[in-house]
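Read off the chains here:
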Amino acid sequence: MSARVGSWLPLSPGERAVAIEVLVHGPLSRAELARRLDLSAGSLTRLTKPLLESGLLVEVPDNGATGGARQGRPSQPLDVVADSLSFLGFKITEDMVYGVVTTLRSEIVARHDRPLTTHEPARVADLLAEMTGELVRDHPRLAGVGIGVGGLVEDRAVVAESPFLRWKDVPLARLVEERTALPVVVENDVAALVEAETWFGAGRGLERFVVLTIGAGIGYGLVLGGKRVPSAEEDRGFGRHWILDPNGPLTPDGQRGSAVSLLTIPNIRYQIHAATGRDLPYEEILARAAAGDPMPARVIDEAARALGTLVAQIANFAMPQKILLAGEGVGLMDVAGKTVEETIRVNRHPLAAPVGLETKVSDFHDWARGAAVLAIQVLVLGTAEA
């Protein structure tokens with residue numbers, strides 16, 4: 001692919017629909033592509049011509065698995081060259097920056113992590129620029145950078161508020177662009193993860209899909225009609241006021257018995273510390289609960305019932321085809337998954353369809369991959385929506 005990213009833009013709505021369909025589901029025959037998008041052969045030819053000329057799409061040999069017609073003049077399927085461009089994704093946590101390099105189809109081809117020793121915005125941007133410089137040596141075709149941050153992000157450029165980093169109105173995209181000379185997209189980290197799973201992961205091809213994350217906080221993303229539903233309230237404390245047990249624990253974060261109080265790692269650790277005086281890591285709390293240690297077992301059992309209640313309530317209201325459970329707290333399912341499943345059943349109508357709950361055991365590189373997918377969406381396809 002010889003074209004620059006900028007030479008593909010702007011894409012018309014029709015061209016964008018074609019490009020996304022091939023990127024996410026290709027290679028596709030022209031007949032299958034026309035069927036999926038409800039286009040005539042002439043309309044498809046008109047839309048694909050500029051995409052082929054720019055190099056965003058290419059013709060590839062037909063391996064017989066693309067759904068193309070066997071009659072008439074042979075038609076080569078359309079595809080993208082996944083490794084023609086690379087994208088850099090960063091996930092910023094309170095004490096680390098996780099970086100990945102991905103292909104155009106979001107396959108991770110490199111990982112690079114660095115400790116975060118300061119939250120001063122300019123120095124964080126310096127660190128991101130250093131990591132970019134180190135990665136670009138082995139991946140010289142980097143086309144752009146995506147950054148995921150726990151917080152409220154405006155215009156995919158400014159971190160309006162981040163409680164983890166204690167930031168307010170930080171123009172992170174501009175700071176990193178000035179240091180790297182690469183285009184930069186910034187987004188809420190949960191939103192970025194949802195986009196990646198919708199396009200290339202557990203939610204691909206689904207009309208109604210939910211991502212629920214448990215870890216340092218509670219994250220929620222809703223996909224309807226195959227597109228993520230954006231919200232002005234993203235990362236404004238989802239779960240903090242979602243009361244699952246009015247008689248539940250009172251913790252420093254969240255109201256009594258809220259999803260945040262019952263399910264987040266800091267609050268689970270707080271409950272154990274308050275009861276025993278011991279500050280135990282989350283993994284040790286899970287191990288002790290599995291071994292029958294009374295206090296950890298009680299706290300984890302409450303967390304499991306809270307998670308089951310939350311999943312059931314989401315299923316009852318959003319009616320998704322699948323709920324993906326992710327985040328660094330999903331080890332809860334290994335220890336108390338049966339309790340979660342039983343609680344879901346109790347809180348659903350007896351004749352309701354089973355909840356399609358999928359647990360994703362992952363690390364922060366998946367969140368960084370999500371940021372890279374945002375860069376692909378915005379910088380390559382010129383779209384600010386899923």
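Predicted model only: the values in this text are computed from it and were never measured.

Participant: Describe the overall build of the protein chain, naming the residues involved and giving the relevant values.
Facilitator: Counting secondary structure elements, the protein chain contains twelve helices and 15 strands. On C-alpha atoms alone, the protein chain measures out to a radius of gyration of 23 Å, which is about the 21 Å that the 2.2 N^0.38 rule sets for 386 residues. For the C-alpha atoms alone, the extent of the protein chain along its principal axes is close to 75 × 55 × 35 Å. Counting the 386 residues in the protein chain, one finds 52% classified as buried. A sequence separation of at least 24 residues applies to 61% of the contacts in the protein chain between residues at least 6 apart. For the protein chain, the exposed surface amounts to about 17,500 Å²; the carbon and sulfur share of it is 51%. Counting 39 positive and 48 negative side-chain charges, the protein chain places the averaged centre of each group 3 Å from the other.

Participant: Let's hear about the pairing of strand E12 (residues 218–224): which residues, and what values?
Facilitator: Counted residue by residue, E12 has five buried out of seven residues, so it is predominantly covered. What sits between strand E11 (residues 208–214) and E12 in their antiparallel hairpin is a turn of three residues. As defined by bridge partners, E12 adjoins strand E13 (residues 227–228) across two bridges and the pair is classed as antiparallel. Following the sheet pairing, Leu224 is matched in E13 by Lys227.

Participant: A description of the packing of helix H1 (residues 13–25) against helix H3 (residues 41–54) should follow, citing residues and the corresponding values.
Facilitator: Relative orientation of the contacting elements H1 and H3 amounts to 75°, with a least axis distance of 9 Å. What the angle tells us is that H1 and H3 run roughly perpendicular. Mapping the contact onto sequence places Gly14, Glu15, Val18 and Ala19 in H1 and Leu44, Leu47, Thr48, Pro50 and Leu51 in H3. Within the contact of H1 with H3, the residues separate by chemical class into six nonpolar, two polar and one charged.

Participant: Please give an account of the sheet that holds strand E7 (residues 152–154) that cites residues and values.
Facilitator: Read across the open sheet, the three strands follow the order E7-E8-E9; overall the sheet is antiparallel. Either end of the sheet is taken by a strand with one partner, and the two such strands are E7 and strand E9 (167–170). Across this sheet, the average inter-strand angle for adjacent strands is 20°, counted without regard to direction. Relative to E9, strand E8 (residues 158–162) is paired through three bridges, and the arrangement is antiparallel. Bridging across to E9, Val159 finds its partner in Val170.

Participant: Any details on the confidence of the model for the protein chain? Residues and values, ideally.
Facilitator: Within the protein chain, residue pLDDT values average 89, and 92% of them lie at 70 or more. Per-residue pLDDT stays below 50 along residues 69–73; that stretch engages in three contacts with residues further than four places along the chain or on separate chains.

Participant: Tell me about the pattern of salt bridges, and name the residues and values.
Facilitator: When the charged atoms of two side chains lie near each other, side chains of opposite charge can form a pair. This model, assessed by the stated rule, comprises 24 salt bridges. For Arg228, the salt bridge identified is with Glu187, shortest N-O distance 4.0 Å. Here the residue Arg228 occupies a position in strand E13, and Glu187 occupies one in strand E10 (residues 184–188), the gap between them amounting to 41 residues. By the burial criterion, Arg228 is buried, and Glu187 matches it. One network of salt bridges, in which partners are shared, links Glu21, Glu32, Arg35 and Arg36.

Thresholds, definitions, all that
- Residues numbered from 1 in each chain as written.
- Predicted model: local features only at pLDDT ≥ 70, side-chain atom pairs only at ≥ 80, totals over all residues.
- Heavy atoms only, no water.
- Helix = DSSP H or I, 4+ residues; strand = E, 2+ residues; numbered from the N terminus.
- Rg over C-alpha atoms; globule rule 2.2 N^0.38 Å.
- Buried < 20%, exposed > 50% of the residue type's maximum accessible area, 1.4 Å probe, protein only.
- Contact = heavy atoms within 4.5 Å.
- Areas by Shrake-Rupley, 256 points an atom, 1.4 Å probe, with all protein chains shown as cover.
- Lys, Arg positive; Asp, Glu negative; His and termini not counted.
- Charge placed at Lys NZ, Arg CZ, Asp CG, Glu CD.
- Pairing = 2+ DSSP bridges.
- Axes fitted to C-alpha atoms, helices over the stretch in contact; angles between N-to-C directions.
- Parallel < 35°, antiparallel > 145°, perpendicular 65-115°, else oblique.
- Nonpolar A, V, L, I, M, F, W, Y, C, P; charged D, E, K, R; others polar.
- pLDDT = per-residue confidence, 0-100.
- Salt bridge = Lys/Arg side-chain N within 4 Å of Asp/Glu carboxyl O.

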